[in-house]
Amino acid sequence: KKIVLLTDGQAVGWDGRNEARWKFLASGLAALPSEAQVVCRTFPLPQTLRNVAVGSVLFSRKIVGTDRPVGIEATIFNTGTTDVEPVSVELAVDGVSLGRQDTGALNAQAAETVRFEHRFIDPGPHEARVRVLADDGLPLDNTAARAVPVTDRLPVLIVEGEPSPRPLDGAASFIEIALAPVDEDMLAALP
């Protein structure tokens, strides 16, 4: 078996410092019936390169729900050798464009963080895609997509340590009220 890796040597898209990922890759290669030969060919970058890339897409919470907006943060890198005029960054969810933001001029080897906010209406799996709208030499790294599992409720078990027959006198009474879902139709009907 032979694995040939062709690369331009840029760090975007690679996390060479993540030891756990390299160990995972090594364990996968060790499971092959015969030892694999890995050949890495690094191509030199041109003297002048215009390249803007989406480096990471992060969410402000680990659990994303339909109850409130979530922050979506994208880091945009200029991995080229020349400064890039103002570029736009677009956020799309499930293929629908939700808006654009301008980053301003981006110096060579610099990074900029762009923040969006979005509230998911429907629970289930969704795709968040960030795209840099720039004319550059490597268009394949201008887009990054992330899968987002969205939930409409979290199952919670409340253990009552000191039950009481009187309303609101138990140890967990207030947490039970705080976590109770609000029926918005019922609230609208109130005078």
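Refer to the structure printed above.
Parameters and conventions
Residues numbered from 1 in each chain as written. Predicted model: local features only at pLDDT ≥ 70, side-chain atom pairs only at ≥ 80, totals over all residues. Heavy atoms only, no water. Patch = residues over 30% accessible without salt bridge, like charges linked within 9 Å, V, L, I, M, F, W, Y side chains within 5 Å. Areas by Shrake-Rupley, 256 points an atom, 1.4 Å probe, with all protein chains shown as cover. Salt bridge = Lys/Arg side-chain N within 4 Å of Asp/Glu carboxyl O. Helix = DSSP H or I, 4+ residues; strand = E, 2+ residues; numbered from the N terminus. Buried < 20%, exposed > 50% of the residue type's maximum accessible area, 1.4 Å probe, protein only. Polar contact = N/O pair within 3.5 Å; in protein donor to acceptor, adjacent residues only side chain to side chain. Pairing = 2+ DSSP bridges.

*Asks:* Where do I start with a nonpolar patch on the surface in this structure?
*Replies:* On the surface, I63, L154, V156, I158, I175 and L179 cluster together into a nonpolar patch covering about 530 Å² of accessible area. In this fold, I175 is placed in helix 2 (residues 173-179).

*Asks:* Help me out: how do you make sense of the side chain of T79 in this one?
*Replies:* Residue placement: T79 occurs in the loop between strand 5 (70-78) and strand 6 (88-93). You can call T79 buried: its relative accessible area is 12%. Only 2.6 Å separates the side chain of T79 from the side chain of N51, close enough to count as a polar contact.

*Asks:* Is there a simple way to explain the pairing of strand 6 in this structure?
*Replies:* Every other side chain in a regular strand lies on the same face of the sheet, so the side chains alternate between the two faces. Along strand 6, six of the six residues are buried, which leaves the element largely enclosed by surrounding structure. Burial of strand 6 is two-sided: the residues S88, E90 and A92 facing one way and the residues V89, L91 and V93 facing the other way are all buried. Sheet topology note: the strand 6/strand 7 (residues 96-102) ladder contains six bridges and is antiparallel. From the neighbouring strand, V93 faces strand 7, where its bridge partner is V96. With antiparallel pairing between neighbouring strands as the criterion, strand 6 and strand 7 make up a hairpin whose turn holds two residues, including D94 at a positive phi of roughly 55°. Taken together, the six bridges between strand 6 and strand 9 (residues 124-133) define a ladder with antiparallel strand orientation. In the strand pairing of strand 9, L91 is matched with V130.

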